[in-house]
Structure formats: C-alpha cells, structure tokens
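# Secondary and tertiary structure notes
So the chains spell out like this:
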Amino acid sequence: MQKSLERHLVAQLRNALRLSGPLFLAAAIAALPSAANAQAQQKLGLNFVAEHYDVTATLDAGGQSIYATAKVRFRATAASGVVRFELHPNLNISEVKTEQGALLKAEREGSPLDVRVQLPTPIAANSKVTLVISYAGILSNEENSPLPGVRLASIYKDGAFLLLPARWFPLTGYPSTRFTGTFRFNVPDTFAMAGTGKALAPSPIAGKAPGEGSRLQYVFECTRSAPNGTFVAGDLELNTKQAEGVSVSVYAPRTASANAGDFSVDVARAVITFTDLFGPLPDPNMTLIQIPDTTLREYAAPGVLLLSHRAWDPKVNERTIARLVASQWWANQILPASTGDEWISDGLARYSESLYAEQTTGKEAGLKAVDDFAVGALMYDDAAPVAQSARLIQYSSDYRSVVMNKGAMIFHMLRAQIGDTSFKTLLHEFYVRFAEKNASIADFTAVAEQYGNKSAKPGQAPPNLRGFFAQWLNSTGIPDFKIEYVIYRTPKGFRIVGKLSQPLDTFAMPVDLRIDTEGNPEVKTVEVTGTETPFSVETFGRPKPGGVRVDPNNVILKGNNSLRSRAAIARGEELAETGHYYDAIKEYQKALSIQPGRPLANFRMGEAFFYQRNYQAAANAFREALQAVPEPSEKWTEVWGHLYLGMIFDSLGQRERAVNEYSRAKQTNDNTGGAQGAADRYLKKAYSDGPQNADPGGAKPGNEPKPAEQPADDRPKLKKKPD
C-alpha cells in the first residue's frame, strides 16, 4: 500500500512538472493542426513555440559542465507578452536578450523546469520573436533530472550524452515538439561526436584557457523540422556500412566495433520491413550510437538510434533495434499531440516489434513477442488508463507496463477485431495522413473506426470499435475468464452449453473458443458482454474432456495464473536488477502463491538470497527449483541451479559437494548463458565469493534483456550484484 501511494504521489508530482509549462504546436508545415491539437494548445495556455534554434555549447569534461548560448526563434500562437519554456533545473540562465540586444528578465516559475521571460511589449498571434539565451551549469548525474532517477544528460571525463528530454537547451512542448536548428559544440579533441542532423567535418579550435588542450568544433545542421537535439560524444569509432540499400553509421568504442556489420544488417532490415508496411521515411539512412550504461537502455531520435553498452549485442537485441527503428515512424515522423497521447508513439513502436518478428522470422516469433507484451502489461496494469499516460513518469516501470506493453496489446487486439489486411492498411494510411504532424488518440481512433466499418463482411455488423477503445484506452482492469459447460449429444453431432464469466461489467468483445474433438479442432466465437455470458455452440466431433479453451490464440489481454505469476517474477527481476533483493523476494513469493512450485520463481528467489549471502535460504530455493519440471523456455534453470549450488558450497569451503554440483551441471549438456564454460572454470578453480565473481555466467554486468521488455533468448537473465 505504501509503495503504491508513493508511486501515485510521484506520478502526480511528475504530472505537475510536465503539464505546468507549455506543451504543443505542430511544426510550421503546410497543414493545419487537428482540432484536438488546437484544443490542447488553448487549454494549456501555449502562447509561444520554438521553431528554430542556433545553439553554441562548450562542454567542459573536467568540470562536467556546459556553457551555452541558444538563439531561439519563437512563434506566438496567441497574442502574448510572456514566453515560457523548459530548461534543465541544473542550468542557470545568466542573460536573456532580444535580437536587438535589449536585456529581458527571466525567472523560474511553477516547477523547477519552467522558465518565464517577459517581453518588452506583447506581440500578435503568428508573429515571431527571437531571444538569445545564455546559460551554464553542471550536468553530471541524475540529480534534478526532468525524469526522476534517470540520467538524461551527463558530461564526464571520457565523453558526454545530451538527450532531448533532458531539456539541456530551452525547449517548448516536449514530447510534442519539432523544430529546425544548428548545433555547434566545442569539445576536447579526444572526443568524436554524433547525433541528430547532418554533421559537418569537425574543425580544430584553440582552447580558451592555458593548458586546456586542443579542441574541436562539431556542427550539426538539422534542416528537417523534427524533435532534434540528441547528441553523444566520446571515444567513438565510426563504421559505415551499406545494407539492402540503407546506409547505417555505427559509432562505438573500438573494443565494441567488431559487430558493426551485424548491427547494420539488423537496422537496414528493419528499415526495409517497416517501409514496406508503413510507407517510406524522408531519409532511410540511420546512425546507431553506443551510450554508457548510466542512462536509458535505449533511445530513438530522428535518424538516430542509441543503445547502451549493456545492450550492445545484435543477436540478443534484434527486437529492440526494430522498436527503435519503428520509432522513426511513430515517435519522430508522427509525434503525440500531448503527454496523454503517447500510446500513438510508444505503444505502436512496441507493437511494431511483433510485426517485425512476424515478417522476418514467422508467425510464432510474432506471437512470442505478443506474449512478452502481455506479461509486461500485467506488471502494473492498474497504474493508470492508457489514455491518461500523463499521470505516469516516462520510462518508469509503470509507464512501460501501461503505455508500451498494454498499449501494444491494444494494437494487437485491434488487429484481431478488423483483420490483418484492414489493420495493415490502417497503419499505412495513418502514417500517410499524419507524417510530419502531431496526432492524438482521437485522430487514430477516428481513422481506425473508418477501417473497422470497411472490414465488415456483407450482412455483418462492423466491430464496435468505439466501445473497444473506450474499454481499453480509458479504463483499467483486465478480464480473467472462467468457463463452465455441459456437453449434449445431438442428431448432427454435439452441443456445448455453458457460460463465460469475467469480472469486468463493461466488457464487450467477441471471444473465440477452441474445442478439441476426437476429429479436427473447431473454433467458435462467442460475443461476450458483461460479467456473465451464456453460450451454446455446435460441433461435429465429440469434444474431448477438458477440451474447451478460451481465447486459444491469445488475442485478448487477459489474466490467468501463468501470466500473473510471470508478471510477479518480472517485477522481482526488475527489483533484483537494482539490488532491491528483499522486495524482489516478496514478488517471487507472490508468484509462488499464484502458481506454487514454479521453478523460475524459486530459482530467482535463490538468486536473490545468494547475492544477500543467505546461503541456506538460497540452497533451499535452488533445491525447490530443481524438484519441479520447468517449462521448456525455462529449462535453463536446471543447469544454473546446479551451478549456483556449487558456488554456495565453494563459498562455504565444501569443495567436494561443490564439484559434485558442477559435474551435474556438465551432465545436463545445457550451455545456456555459457553454463558449460562456467562449470569448467569452477571445476578447475573453486568459486570465490568476491567482486570478480559477481557475474558467474561470464556476461558483462547488465548485458541481459530486461524482463518482459526484450525478446527471450537462450541465456538466463542473471541478476548482478550492485557495484
């Protein structure tokens, strides 16, 4: 209860931070904004939007500071004499001037992000004013970050990263902002730099202070109106590859550049796949940059894909790459109209992972992705309705669960409602209509309803998409189906009479039943409405005992013991990953209360106890995990259970017992996560409970995909000791 209350209060605070400032206006393009966008502007008092930037910034690696001047052209959306924008709370404004040199007063107001500048006189709507804003400050960690606990901008000895949501330059209307600009950076000559826009060749410049060393100036020209302004600097080596007609520039440290070609192939394949599905991008060429593990795991900017060091593995993160590439369509070409419309960008980019997997690997791969979405959606399904995403902290666990995972499931369910052909045509048409514009949930649902009406077969009523969207976007709650039935013999076969029940009074959707018979299986559809729906279906073959399954193809986001147990394990894995083992253990215990004896829950609990050095409790949990038969995708818990037991006995000085467990691990012939190599290593030399052994699997810390976020692979997602 306390955790839930804290999460609610933080979300409310974040909502205040994000909504107290100005919000949105579409770029100055030859198209009128939608009615929803205009209403949002009026409601939020958006009087000025930034259209063009000329930013000159000096990065001081030693002082972890930035010194910058931003010349910003604002356009008035209404008659006003006050310009408001957002700027990182750590950055202090030293001076604001008009283009003519008149000094203006700037002050923080409302939230720590918001800055207010009083103009000498009010100006009329659609008039423009240019301000020159000088500012500086320390950007070293997540302190005062616009997204609590997330380091979005950092300058350090060996490099820097400046992500747009950090508001490291004066910003209006995030996340709905788009603009043009030129960005100039003065950096140490040991840095290479990459980011949004066209990069000019760096030029040498002299250091201002004695002993400062040689410097370079990088210039990035962003001529296309978009959410530009994301840059990375450091010891980066450029590898440019051509794949399937797409140029992919990969920036990574020399030690991580060996797989640049593999990344290029994956990025290019995703670009081609989504171009065929959605339509072409203005520029299909991409830049992929490795970023440190101290920030977001991944991030997409216009033409730029950022992937952290811990995720730098193309084989493991093919779906992540696909999502980042899909964000070029849904989170850069089309922007959400407001913070409440991010389902349009993040939910659809997440679902595009499934479309990509299906197109490139097959239907089963697409359904596996959908299964991951369902688990992720159940992690925090009651945090907020999807349409109220402004209540959630962007990039938080709640946000990923509601907006990304549940959002992806809504697109999957919509696809089932209107059919594959109509759904893919809908996505293509939506992109064509709203490319380089901003779109609201209302914009998307209106287009979807048009295609829903077209999808109806002659003589059939079209799907009730208005009710569908009201149910899934504006409400919380997930159905958990129960079925009761009896079987009767009829002259032509068999009749199954029963009822479907679930807890949501407003629920209304067609639900498939699969009936396994002594002949071929048969699928029947029941229109479920409310908490109880009686049904009667006919089959030709004799139904097998217990052979009636609800929603056999997992089209509907629903709760059941297996999914809710997996969701609890996933919550525990997130907590363990950050070293919160006590809270993680409570989640694993919750999973076991839902699904007693599940090996993965016991294994993860043993892992948490192990890193707490509670070896007896850890051994008990690993033994419990080894007693039950795991699901095929979790069979690796057997080999790693024996390995962990061996490490426990080595830590206790019981070498003979440790060798026995390592030998049993070898006998499994399972090399998941390098298990066989680990067994060989510890057979030769006893495991020692020290920092060098914090990663028994031999993988780099944090290199595993996050639970319910990334595709399952053949490696255990081992949790690491905190540094």
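These remarks concern the structure in this document. Residues take numbers from 1 onward in each chain, read along the sequence in its written order. Local features in a predicted model are, by the rule used here, given only for residues with pLDDT of at least 70; side-chain atom pairs are given and counted only at 80 or more, and totals for whole chains, interfaces and linings are based on all residues. Water and hydrogen atoms play no part in the side-chain values, which are based on all heavy atoms of the structure.

## A look at the pairing of strand 3 (residues 80-86)
Keep this limit in mind: Classification of residues uses two cut-offs on accessible area relative to the type maximum, computed with a 1.4 Å probe and protein chains only: under 20% is buried, over 50% is exposed, and between them is partly exposed. To qualify as a helix, a DSSP run of H or I must reach at least 4 residues; to qualify as a strand, a run of E must reach at least 2; elements of each kind are numbered from the N terminus. A pair of strands is labelled paired if DSSP reports no fewer than 2 bridges between them.
Among the 7 residues of strand 3, 6 are classified as buried, and the element is accordingly described as predominantly covered. Bridge count between strand 3 and strand 7 (residues 114-123): 6 bridges; the pairing is antiparallel. Of the residues in strand 7, the one forming a bridge with glutamate 86 is aspartate 114.

## Section: the sheet that holds strand 24 (residues 482-490)
Keep this limit in mind: The axes are straight lines fitted to the C-alpha atoms, using for helices just the contacting stretch, and the angles between their N-to-C directions are given from 0 to 180°.
Sheet architecture is open: 3 strands sit in the order 24-25-28, paired in antiparallel fashion. Strand pairing shows two members of the sheet lacking a second neighbour, strand 24 and strand 28 (532-539), which therefore form its edges. Adjacent strand axes in the sheet meet at a mean angle of 15°, parallel and antiparallel pairs treated alike. Where strand 25 (residues 493-501) meets strand 28, 8 bridges bridge the pair, whose relative direction is antiparallel. Among the inter-strand pairings, lysine 499 is bridged to a residue of strand 28, identified as proline 534.

## Describing unusual backbone geometry
For the peptide bond that leads from tyrosine 174 to proline 175, omega is 10°, which places it in the cis range. Structurally, proline 175 is set in the loop between strand 10 (159-162) and strand 11 (179-188). Even without being a glycine, glutamate 436 presents a positive backbone phi close to 65°. For glutamate 436, the location among the structural elements is in the loop between helix 8 (420-434) and strand 23 (437-439).

## Here we look at the environment of leucine 200
Inclusion rule: Residues are treated as being in contact if the distance between any of their heavy atoms lies within 4.5 Å.
With respect to the helices and strands, the residue leucine 200 is situated in the loop between strand 13 (198-199) and strand 14 (203-205). Once the C-alpha coordinates of leucine 200 and arginine 184 are considered, the two residues, 16 residues apart in sequence, prove to be 10.0 Å apart. Setting aside residues no more than four positions away along its own chain, leucine 200 makes contact with Val219 and Glu221.

## Overview of the sheet that holds strand 12 (residues 192-195)
Picture the strands of a sheet paired through backbone hydrogen bonds; they go either parallel or antiparallel. Strand order in the open sheet formed by 4 strands is 9-10-16-12, with antiparallel pairing between adjacent strands. Strands with a single pairing partner mark the edges of an open sheet, and in this sheet they are strand 9 (153-156) and strand 12. Within the sheet, the average angular offset between the axes of one strand and its neighbour, ignoring direction, is 10°. Here strand 12 runs beside strand 16 (residues 231-234); their pairing, made up of 4 bridges, is antiparallel. If you follow methionine 193 over to strand 16, its bridge partner there is alanine 233.

## Points about the side chain of glutamate 574
Inclusion rule: Pairs of N or O atoms within 3.5 Å make up the polar contacts considered here, provided that, within protein, one atom can donate a hydrogen while the other can accept it, and that residues adjacent in sequence are counted only when both atoms are side-chain atoms.
In this fold, glutamate 574 is placed in helix 11 (residues 561-577). Engagement of the side chain of glutamate 574 in a polar contact is seen with the side chain of serine 397, the distance being 2.6 Å.

## Quick word on the packing of helix 16 (residues 655-667) against helix 17 (residues 675-684)
Under the convention used in this document: The scheme is simple: roughly parallel for angles under 35 degrees, roughly antiparallel for over 145, roughly perpendicular for 65 to 115, oblique for anything else. In this scheme the crossing of two helices becomes right-handed for a clockwise turn of the near helix relative to the far one and left-handed for an anticlockwise turn of less than a right angle. Residues are grouped as follows: Ala, Val, Leu, Ile, Met, Phe, Trp, Tyr, Cys and Pro are nonpolar; Asp, Glu, Lys and Arg are charged; every other residue, Gly included, is polar.
At their nearest, the axes of helix 16 and helix 17 sit 9 Å apart, and the two run at 155° to each other. By the angle between their directions, the pair helix 16 and helix 17 is classed as roughly antiparallel. Along this stretch, helix 16 crosses helix 17, giving a crossing that reads as left-handed. Facing Arg655, Val659, Tyr662, Ser663, Ala665 and Lys666 of helix 16, the residues of helix 17 in contact are Gln676, Ala679, Asp680, Tyr682, Leu683 and Lys684. A class-by-class count of the residues in the contact of helix 16 with helix 17 yields 6 nonpolar, 2 polar and 4 charged.

## Some thoughts on the pattern of salt bridges
Note the following rule: For this analysis, a salt bridge means a side-chain nitrogen from Lys or Arg found within 4 Å of a carboxyl oxygen belonging to Asp or Glu.
On inspection of all chains with the given rule, the structure shows 48 salt bridges. Note that arginine 598 and glutamate 631 form a salt bridge whose closest N and O atoms lie 3.4 Å from each other. Linking arginine 598 in the loop between helix 12 (581-594) and helix 13 (599-611) with glutamate 631 in the loop between helix 14 (615-627) and helix 15 (636-651), this pair joins segments that are 33 residues apart in sequence. Residue classification places arginine 598 among the buried residues on the basis of a relative accessible area of 4%. Given a relative accessible area of 33%, glutamate 631 falls into the partly exposed group. Close ionic contact of arginine 655 with aspartate 650 constitutes a salt bridge, the shortest N to O distance being 3.0 Å. With relative accessibility at 9%, the residue aspartate 650 sits in the buried group. The structure contains a network of salt bridges with shared partners spanning Arg297, Glu298, Arg319, Arg323, Arg350, Glu353, Lys368, Asp371, Asp372 and Arg566.

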